[in-house]
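# Topology and contacts: notes
One letter stands for each residue in the lines below.
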Amino acid sequence: MCEHAGTASLTGRLPQPGAALAAGAAPPAKKTRRKLWELPENLHCPVIGTCLEVNELRQIARRCGYAYQAPPTDYDLHVSFVSLAQHRNALSLAAHKALDKRYAGTIRRYARARSATELGVLWSQALARGDVPGALWAIVTHPRQDAELLRRVREQVHMLSHQIGAGQRADLQRLTEAEADL
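Residues numbered from 1 in each chain as written. Predicted model: local features only at pLDDT ≥ 70, side-chain atom pairs only at ≥ 80, totals over all residues. Heavy atoms only, no water.

Inspection of the secondary structure assignment puts S92 in helix α4 (residues 90-102). Residue S92 is classed as buried on the basis of its relative accessible area of 0%. Once residues lying within four places of it in the same chain are set aside, the contact partners of S92 are L36, W37, L84, A85 and H87. (Helix = DSSP H or I, 4+ residues; strand = E, 2+ residues; numbered from the N terminus. Buried < 20%, exposed > 50% of the residue type's maximum accessible area, 1.4 Å probe, protein only. Contact = heavy atoms within 4.5 Å.)

The next point concerns the packing of helix α5 (residues 104-111) against helix α7 (residues 132-141). Taken N-terminus to C-terminus, the directions of α5 and α7 make an angle of 50°; their axes are 9 Å apart at the nearest point. In terms of their interaxial angle, α5 and α7 are classed as oblique. At the point where α5 passes α7, the crossing takes the right-handed sense. On the side of α5, the interface is formed by T106, I107 and Y110, while α7 contributes G134, A135, W137, A138 and I139. For the contact of α5 with α7, the residue count by class is six nonpolar, two polar and no charged. (Axes fitted to C-alpha atoms, helices over the stretch in contact; angles between N-to-C directions. Parallel < 35°, antiparallel > 145°, perpendicular 65-115°, else oblique. Left-handed = near helix turned anticlockwise from the far one by under 90°. Nonpolar A, V, L, I, M, F, W, Y, C, P; charged D, E, K, R; others polar.)

Let us now look at α5. Each full turn of the α-helix corresponds to 3.6 residues, which orients residues three or four apart in the same direction. Buried within α5 are the following residues: T106, I107 and Y110. Burial along α5 is one-sided: seen end-on, the buried residues are contained in an arc of 100°. Buried residues along α5 sit in contact with α4, α6 (116-129) and α7. (Arc of directions from axis to C-beta.)

Attention now goes to the nonpolar core. Of all hydrophobic cores here, the largest spans 43 residues; its most connected members are L36, V47, F81 and W137. At the level of elements, α1 (41-51), α2 (54-63), α3 (74-84), α4, α5, α6, α7 and α8 (147-181) are the ones that each hand at least two residues to this core. (Core = buried A, V, L, I, M, F, W, Y, C linked by side-chain atoms within 4.5 Å.)

Between α2 and α4, the least distance of the axes is 10 Å, while the angle of their chain directions is 135°. Comparing the axis directions of α2 and α4 gives the class oblique. Considering the relative orientation of α2 and α4, their crossing is right-handed. Here E56, I60 and A61 of α2 come into contact with α4, specifically with L91, A94, A95, A98 and R102. The class makeup of the residues in the contact of α2 with α4 is six nonpolar, no polar and two charged.

Laid out in structure tokens, this is it:
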């Protein structure tokens, strides 16, 4: 997924130490929705990168009292959030709350799913519609998801990001050629 080197670059309140799940490990069975910091580490990058826009990350950091010497790049901000999402802290709490608020309708729809199989069907439908962010958040926090569904969702989001990048490069090339023709 994302290769994030180093630690969070935002300064301010430090995260509480906690046990984050190893990459690829299945989260323990729960009866309630998972919190951002309870997710396997390999899901933080796709969740932060897909479900929250950079301007939202900046607003959350500001509201939580995080400061920086110079404005961080979009990548630095992303890396900071991914790193800090591994533990329960002011920033991960605020990010979780923002995600729940933004995707409340999708969370309610997905709450009716009674199995990982039903969640998988909902995911396939959302993917076909291009409705990835809300579906991603609803599934990774759903109490009935399983390791296989999480693996499939993470892989598909990863490949989707590559396809989007390739599409943007192709669009840019066509635009450059059209401008040259004009």
